[in-house]
Amino acid sequence: MNDFHILALSGGGFKGLYTAKVLAKIEEEFGCPVAQKFDLIAGTSIGGILGIAVSLEIPASEMVKLFVDHGKTIFSSQKRSWIGMCKSKYSNKGLHEVLQGIFGDKTVGDLKHRVIIPTINFTKGGPQVIKTRHHESFRMDHSKKLVDVALMTSAAPTFFPIHRTDYGDFIDGGLTANHPGLFACIEAQKFLDVKLEDIYQLHIGTLSGKYTSSGKTGVLKSGLLQWKTKLIELIFSCQEQSTDQIVKFMLEANYYSIDETPSDDQASSIGLDKVDEVAQRILKQCAEVSAQSFIGKPEFNRLKNHSKHQFIPIPFEKENTK
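Analysis parameters
Residues numbered from 1 in each chain as written. Predicted model: local features only at pLDDT ≥ 70, side-chain atom pairs only at ≥ 80, totals over all residues. Heavy atoms only, no water. Axes fitted to C-alpha atoms, helices over the stretch in contact; angles between N-to-C directions. Helix = DSSP H or I, 4+ residues; strand = E, 2+ residues; numbered from the N terminus. Parallel < 35°, antiparallel > 145°, perpendicular 65-115°, else oblique. Left-handed = near helix turned anticlockwise from the far one by under 90°. Contact = heavy atoms within 4.5 Å. Nonpolar A, V, L, I, M, F, W, Y, C, P; charged D, E, K, R; others polar. Salt bridge = Lys/Arg side-chain N within 4 Å of Asp/Glu carboxyl O. Buried < 20%, exposed > 50% of the residue type's maximum accessible area, 1.4 Å probe, protein only. Phe/Tyr/Trp six-rings, centres within 6.5 Å; stacked < 30°, edge-to-face > 60°. Lys NZ or Arg CZ within 6 Å of the ring centre and 35° of its normal. Core = buried A, V, L, I, M, F, W, Y, C linked by side-chain atoms within 4.5 Å.

S.K.: Residues and numbers for the packing of helix α1 (residues 16-30) against helix α11 (residues 277-294), please.
M.R.: A pair of packed helices can be characterised by two numbers: the angle between their axes and the separation between those axes. Interhelical geometry of α1 versus α11 gives an angle of 40 degrees and a closest axis separation of 8 Å. Classed by the angle they form, the pair α1 and α11 counts as oblique. The interaxial crossing formed by α1 with α11 has right-handed handedness. Counting all contacts with α1, which are made through Leu-17, Tyr-18, Lys-21, Val-22, Lys-25 and Ile-26, the residues of α11 involved are Gln-280, Leu-283, Lys-284, Cys-286, Ala-287, Glu-288, Ser-290, Ala-291, Gln-292 and Phe-294. Of the residues that constitute the contact of α1 with α11, the class distribution is 9 nonpolar, 3 polar and 4 charged.

In structure tokens form, the structure reads like this:
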């Protein structure tokens, strides 16, 4: 039996350009859609959006172009009342427009590969994972529109508004699984009967930085106005680091993470919502370096030579009318 390969894509807002560029370089070397080398794709927030695109076999190079062409459309500020306390920093209208252009009216049932997308169901007050029908017990997600799923996993608090649907209100999955690799390992074991020792996971981050105290006395008294969006970014960063350590402990040599810690100068020029040319240049250049470092390594060749397990969505059985 072949190894079971997992692709885990982290959240990070516009820094997902780094992820998309890494995927594009790997895909170029593979000579085929990158999803064809993975048995399960897990993505959160922008990683979830990229995971959906990968599973539809949309070329990663097209997603790179999307970041460059539509970054300002996605992060288009709206009027905020009382110094921004009553509204999110951005409307999701631009993001919705871009997603509609990519995914149209396709649903989870149209995905060509196994996918899991973490989000937070704010209506029930807990995490929820949107899944393809790769297990007979999964009956609720196949009809969900991909645009909705993408908005559900990427509604970062303070940045974008809560995404309201007929089946609940949702916020960014990064609050529980910004790095979705642990969720993916559990999914493979529990629902796909994969042994832990057979799992190989490639994780691609978003130039994950660390958010630390400045050491100034005033920071000890920080209230909501002082924290602003930094609290959300700290939560995402800590969740990312925790999961990286846990999955590395679980999988040992069967885990490889493509990510970089930006320098202080770079960190000041990139961010969840920084879309200017300087940010784009740093993200793409770092992705080039990271991809080139990975390509040619034994871990890359292991992926390139992998024959994935075929994904056939489990059909719904006719209801018993007796």
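S.K.: Which residues make up the pattern of salt bridges, and what are the values?
M.R.: Applying the stated criterion across every chain yields a total of 10 salt bridges. A salt bridge links Glu-288 to Lys-21; the nearest nitrogen and oxygen atoms lie 3.6 Å apart. Residue Glu-288 is located in helix α11, and its partner Lys-21 is located in helix α1; the two are separated by 267 residues in the primary sequence. We note a salt bridge from Asp-244 to Lys-248, for which the minimum N-O separation is 3.4 Å. Placement of both Asp-244 and Lys-248 in helix α9 (residues 230-251) is noted, with a separation of 4 residues, approximately one turn of the helix. The class of Asp-244 is buried, set by a relative accessible area of 17%. Residue class for Lys-248 comes out partly exposed when judged on its relative accessible area of 46%. Each member of the salt-bridge network shares a partner with another, and the members are Lys-21, Lys-25 and Glu-288.

S.K.: Which residues make up the packing of aromatic side chains, and what values go with them?
M.R.: According to the stated counting rule, one finds 9 aromatic pairs in the structure shown. A ring pair is formed by Phe-138 and Phe-191, whose centres lie 4.9 Å apart and whose planes are at 65 degrees; its orientation type is edge-to-face. Highlighted residues: Phe-138 in the loop between β4 (126-131) and α5 (146-153) and Phe-191 in helix α7 (residues 181-192), separated in sequence by 53 residues. As far as burial versus exposure is concerned, Phe-138 and Phe-191 are alike and both buried. Ring geometry for Phe-294 versus Phe-300: centroids 5.7 Å apart, planes at 90 degrees, classification edge-to-face. Accessibility assignment for this pair places Phe-294 and Phe-300 in one class, buried. Three or more aromatic residues joined by ring pairs form one cluster here, namely Phe-30, Tyr-256, Phe-294 and Phe-300. The residue whose ring lies beneath Lys-144 is Tyr-167, and the NZ or CZ to ring-centre distance is 4.6 Å.

S.K.: Lay out the environment of Gln-310 in plain terms, naming residues and giving numbers.
M.R.: Summarising the element assignment, Gln-310 is placed in the segment after α12 (298-304). For the pair Gln-310 and Gln-36, spaced 274 residues apart in sequence, the C-alpha separation works out to 9.3 Å.

S.K.: Any details on the nonpolar core? Residues and values, ideally.
M.R.: If you look at the biggest cluster of nonpolar residues, it comprises 71 residues, and the most contacted ones within it are Ile-26, Ile-52, Phe-103, Leu-202 and Ile-258. Among the elements that take part in this core, α1 stands out by supplying 8 residues, more than any other. Each residue touching Ile-52, except ones within four places of it in the same chain, is listed here: Phe-103, Leu-111, Ile-117, Leu-146, Val-149 and Ala-150. Listed in part, the 14 residues of the second largest apolar core include Ile-6, Leu-40, Cys-185 and Val-194.

Purely geometric stuff here, so don't read any function into it on its own.
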